[in-house]
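One letter stands for each residue in the lines below.
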Amino acid sequence: MKQSLVNLLPPATLAAILAFWGLAPEAWVTLPWVLPAVAVGTVIFVQLLEFVFERHEGWRMNWREFATDVFYFAFVFFVIGWLTDTLVNGPLSELKKAWGIGTPWLAELPFLVQTMIVLFLFELGQYWMHRAMHNWTPLWLTHAPHHHVTQLNAMKGFIGNPIELFLISIGVIALLDVDLNALFASFTVGSAIATFAHANVRADPPIFYGFFFTTIRNHSLHHTALSYEDTRCNYGNSVIFWDRVFGTYREGESAIVGQDDRRRLTIREQWLFPLRPWLGKHSNTV
Ligand SMILES: [Zn+2]
Ligand SMILES: [Zn+2]
């Protein structure tokens with residue numbers, strides 16, 4: 001396939017997801033398996049693209065990486081998803097009802113506008129949470145395991161310490177009145193962008209895409225192994241636009257990713273990482 005067509009894969013994927021939710025009959029949208037099917041299907045699609053359009057040989061998938069990635073994907077989907085619903089979204093919905101607050105005007109807006117408002121608003125919270133993680137040591141200790149990955153792949157966005165994975169999932173979207181299909185569209189589009197932004201796929205989307213959305217170029221720079229200081233840019237998980245607004249955008253790409261001595265952490269080390277100061281060592285064993 002021509003490189004110019006490969007470059008269109010990320011925007012074409014977003015367009016397909018948006019078209020699906022925009023055109024899907026309500027009976028489909030409310031089926032419990034449709035949202036997971038779109039989310040999982042997108043990740044499988046991008047993962048398969050890595051085998052056809054590889055970006056860096058050093059990031060090539062192997063069984064050890066794949067097993068870890070699948071474990072985290074399932075963990076985020078089931079455990080973190082449940083925790084967020086129980087501890088954040090559920091109570092916020094109750095609060096919304098109790099206080100009689102709402103945004104009915106939002107549900108009146110066109111589907112695409114609703115979708116983008118939800119996506120950009122959720123990502124605004126994620127941007128500041130992520131930026132705080134790079135500016136305050138206790139939070140950095142939860143986020144550092146995500147930066148210790150030594151290669152980028154489709155599911156790498158799901159890898160991290162459980163505390164970080166929970167913190168980054170917090171948002172105020174449950175306070176909004178929004179169409180279900182727009183809510184699901186924002187969720188799956190955001191997830192697709194973040195998946196492409198971590199994937200070993202040789203696609204460099206057109207300028208209009210990269211102006212608003214995070215690409216593998218900019219996110220690999222955020223993962224650079226050069227130094228900790230050099231990771232303090234391009235915080236947007238899906239929406240790089242907020243980095244442009246708040247002055248943390250940096251142009252560039254990094255093929256070498258990781259932290260410190262670029263040693264790959266085991267799942268146990270990733271989970272115990274925040275305890276390192278108390279365990280009194282920064283050595284190879286947690
Ligand atoms: Zn980071
Ligand atoms: Zn990342």
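Everything numeric in this text was worked out from a predicted model, so none of it was measured.

A.B. asks: Would you mind going over the nonpolar core with me for this structure?
C.D. replies: Burial of nonpolar side chains together is a common tendency in soluble globular proteins. With 22 residues, the main nonpolar core has Leu14, Trp21, Leu119, Val189, Ile193 and Phe213 as its most contacted residues. Only α2 (9-23), α4 (34-52), α7 (111-133) and α10 (180-198) provide two or more residues apiece to this core. Here the element with the most residues in this core is α10; it accounts for 5 residues. Every residue in contact with Trp21, bar those within four places of it in the chain, is listed here: Val29, Val34, Leu35, Val38, Phe111, Asn181, Phe184, Ala185 and Thr188.

A.B. asks: For this particular structure, what's the right way to read the coordination of the zinc ion (ligand 2)?
C.D. replies: The coordination sphere of the zinc ion (ligand 2), as far as protein atoms go, consists of His146 (NE2), His198 (NE2), His219 (NE2) and His223 (NE2), spread over 2.1 Å. With 4 donor atoms in place around the zinc ion (ligand 2) and angles of 86 to 161° between them, the coordination shape is irregular. Binding-site remark: the zinc ion (ligand 2) is held by donors from one chain whose sequence spacing is H-x51-H-x20-H-x3-H. Of the two residues, His146 is situated in helix α8 (residues 137-147) and His219 in helix α12 (residues 216-222); the sequence distance between them amounts to 73 residues. The class of His146 is buried, set by a relative accessible area of 5%.

A.B. asks: Quick question: what am I supposed to make of the side chain of Thr115 here?
C.D. replies: Checked against the element boundaries, Thr115 lands in helix α7. We classify Thr115 as buried; its relative accessible area is 0%. The contacts of Thr115, once residues within four sequence positions are left out, are Leu18, Ala182, Ala185 and Ser186.

The rules behind each value
All residue numbers here refer to positions counted from 1 along the written sequence of the relevant chain. For naming, the first written chain is A and the first written ligand is 1, with later ones following in the order written. Local features in a predicted model are, by the rule used here, given only for residues with pLDDT of at least 70; side-chain atom pairs are given and counted only at 80 or more, and totals for whole chains, interfaces and linings are based on all residues. By convention in this description, side-chain values take in all heavy atoms of the structure and omit both hydrogens and water. In this text, buried Ala, Val, Leu, Ile, Met, Phe, Trp, Tyr and Cys residues form a nonpolar core when linked through side-chain atoms within 4.5 Å. Think of it in three bands: with a 1.4 Å probe and only protein chains considered, a residue is buried below 20% of the maximum accessible area for its type, exposed above 50%, and partly exposed in between. Each helix is a run of DSSP H or I of at least 4 residues and each strand a run of E of at least 2, with the numbering of both proceeding from the N terminus. By definition in these notes, contact holds between two residues if any of their heavy atoms fall within 4.5 Å. The rule for donors is simple: N, O or S, within 2.8 Å of the metal, or within 3.2 Å if the metal is Na, K or Ca. Water isn't counted, so a site may look like it is missing partners. Every geometry call rests on angle ranges, with four donors termed tetrahedral when all angles are between 85 and 135 degrees, four termed square planar and six termed octahedral when opposite donors are over 155 degrees apart and all others are between 65 and 115, and everything else termed irregular.

None of this, on its own, says anything about what the molecule does.
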